[in-house]
Amino acid sequence: MFRSNTPYPTDTVAVPGGRDLLFCVQLDDAKLNYFQQPQDVKESDFCKFLEKYGRHSFLAPSQVQPSFSAFYRAGDPILIYFDSSSVLSTLRQPVKMGASGLCVDGNPAGFLDSKSTSCTRIFANLSKSCITDPALDAASYYRDFTVLKVPINDNIVQSMKVNVTAVAPPGAPHMRDNTCNNVVSEVIYEIEFSGTHGIQSVSVRFKVSNISENSGSSLQQRFTLHFWTRTLSHTLPRSGNPGYITEAPLLIANSGATQHMSILRSEGDGSCSQFLRHTVQFGRNMRTGCKLSLSPILEESNCSYIQQKLYKAFQGMNRAEDLAITGSAHSTQAEEWTTILIQKCSVQAVNCTSCCMVPVTLEIQILWTKVGLLSNPQAQILGARYFYQCHPLKLLSTSRVPLTTVVTFTDMTEWPEPPRGQPQMHWKLPFDIFFPFKVALNLERSYRGDLAGYFLLILIMSSILCF
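Quick caveat: nothing in here was measured; it's all calculated off a predicted structure.

(A) The arrangement of the side chain of Arg277 in detail. Here Arg277 is to be found in the loop between β14 (262-263) and β15 (278-279). No salt bridge forms around the buried Arg277; measuring N to O, its nearest opposite-charge neighbour Glu267 is 11 Å away. Side-chain polar atoms of Arg277 contact the side chain of Ser262, separated by 2.8 Å. One polar contact links the side chain of Arg277 to the main-chain carbonyl oxygen of Phe314, over a distance of 2.7 Å. If near-sequence neighbours (up to four positions away) are discounted, Arg277 is found in contact with Ser262, Ile263, Leu264, Arg265, Ala313, Phe314, Gln315 and Gly316.

(B) Representation of the packing of aromatic side chains. In total, this model carries 12 aromatic pairs according to the counting rule given. Aromatic pair Tyr244 and Phe282: ring centres 5.1 Å apart, planes at 10°, arrangement stacked. You can see Tyr244 sitting in the loop between β11 (218-228) and β12 (251-254) and its partner Phe282 sitting in the loop between β15 and β16 (286-293), a full 38 residues away along the chain. Three or more aromatic residues joined by ring pairs make a cluster, and in this case those are Tyr72, Phe111, Phe193 and Phe227. Across the ring face of Tyr311, the terminal group of Lys344 is positioned such that the distance to the ring centre comes to 4.7 Å.

(C) How the structure looks around the sheet that holds strand β20 (residues 355-371). The 5 strands are arranged β16-β22-β20-β21-β19 in an open sheet whose pairing can be described as mixed. Edge positions in the sheet fall to β16 and β19 (341-343), since each of these pairs with one other strand and no more. Pairs of neighbouring strands in the sheet enclose a mean axial angle of 15°, with direction left out of account. In this sheet, strand β22 (residues 400-411) lies alongside β16 in antiparallel orientation, the contact comprising 8 bridges. Bridged to Ser293 within β22 is Arg400.

About the criteria used
- Residues numbered from 1 in each chain as written.
- Predicted model: local features only at pLDDT ≥ 70, side-chain atom pairs only at ≥ 80, totals over all residues.
- Heavy atoms only, no water.
- Helix = DSSP H or I, 4+ residues; strand = E, 2+ residues; numbered from the N terminus.
- Buried < 20%, exposed > 50% of the residue type's maximum accessible area, 1.4 Å probe, protein only.
- Lys, Arg positive; Asp, Glu negative; His and termini not counted.
- Salt bridge = Lys/Arg side-chain N within 4 Å of Asp/Glu carboxyl O.
- Polar contact = N/O pair within 3.5 Å; in protein donor to acceptor, adjacent residues only side chain to side chain.
- Contact = heavy atoms within 4.5 Å.
- Phe/Tyr/Trp six-rings, centres within 6.5 Å; stacked < 30°, edge-to-face > 60°.
- Lys NZ or Arg CZ within 6 Å of the ring centre and 35° of its normal.
- Pairing = 2+ DSSP bridges.
- Axes fitted to C-alpha atoms, helices over the stretch in contact; angles between N-to-C directions.

Right, here's the structure in full:
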């Protein structure tokens with residue numbers, strides 16, 4: 001029975017005891033007398049009428065427990081477990097619905113589906129929602145539940161549970177001067193997995209903001225899931241065989257683990273994303289920019305810390321050490337990799353006692369060439385360099401640093417000379433304007449010399465035959 005999206009008004013009337021009134025459903029029968037007052041059914045005699053008229057059971061059928069595989073597969077919902085209530089559920093990643101973009105909280109997060117979603121929440125009573133709405137409280141995204149390593153539905157032991165670690169969790173939201181403070185505006189899950197062994201660790205970060213009742217009582221929220229693993233050397237596809245294919249991802253290696261080269265990526269508000277990055281594609285020049293937020297309290301002793309934080313932001317979670325020469329390079333073959341040259345900045349700034357030299361621009365310069373047959377040339381990497389451009393940063397005065405990444409590919413191919421005919425004796429360079437006439441004269445003299453030779457040969461043969 002549908003009570004929503006129907007042209008008829010519906011209502012449920014409750015009795016003083018707190019229970020809803022019972023009702024009967026009758027089939028559309030022409031023999032029924034609609035002018036007769038129907039008989040009231042009370043709760044005491046409901047079983048009697050059920051035995052007489054009941055056909056289909058009003059009892060909910062027994063729910064069949066879903067069966068899960070032995071390990072997570074790509075796209076599978078991630079299971080979570082509430083210890084206090086022994087309830088099995090799924091990790092949620094809210095998405096927007098419709099043209100208004102309102103949040104729908106029932107969307108399950110998919111395993112290995114690294115993505116970001118955003119949606120809008122509108123509050124009719126901000127003072128009440130600020131305290132009671134769990135979507136605004138950071139604690140609801142990591143407290144009172146654990147993530148299951150693998151999808152199981154019975155015999156949940158402690159070793160199969162993974163706690164969600166909150167990084168610098170904010171306080172609970174509260175009202176102050178018609179403003180709701182510490183409202184969650186962004187949730188970032190970082191999930192480490194290990195093949196069929198499942199999820200190994202889960203951490204969550206938050207960004208908070210304040211909502212004023214004068215601003216329309218709406219909030220834009222963003223939810224990000226990022227999956228990563230420590231060993232991916234055998235799972236990455238080739239980027240060519242053997243040479244690189246245009247727009248195929250570049251392969252890098254760090255301590256034997258193969259990854260794709262990536263650069264900074266900006267969020268919707270222009271800030272640098274902590275996990276999502278752009279993949280560098282072979283032959284495609286790129287340029288990206290974003291702003292990285294720093295701690296509001298900076299001291300001179302933190303110069304090296306700020307510098308290392310910016311370097312890590314440029315490099316990402318997987319720092320590049322070696323670059324694959326060909327698209328089919330294997331991690332165990334050292335001759336198929338070339339070391340990336342890295343040029344960093346000095347720590348102290350010149351002519352500024354309260355400044356710190358920090359990297360603000362990264363130029364990734366890649367030299368490549370084509371080798372092999374002209375009919376089927378293969379693209380190979382000759383070398384690469386990470387060149388950091390630095391700028392003095394004044395301490396205690398900067399909270400957001402603009403960062404820029406530039407990727408350039410330079411073709412160093414030396415093509416061979418095109419095929420020509422056999423060189424001739426009279427070929428000369430045009431040193432003067434009379435060169436065409438000289439060539440013609442040389443051809444005429446050569447022709448006359450050949451003609452005289454032929455005539456002399458004919459005379460000699462004629463004299464021999466006569467005698």
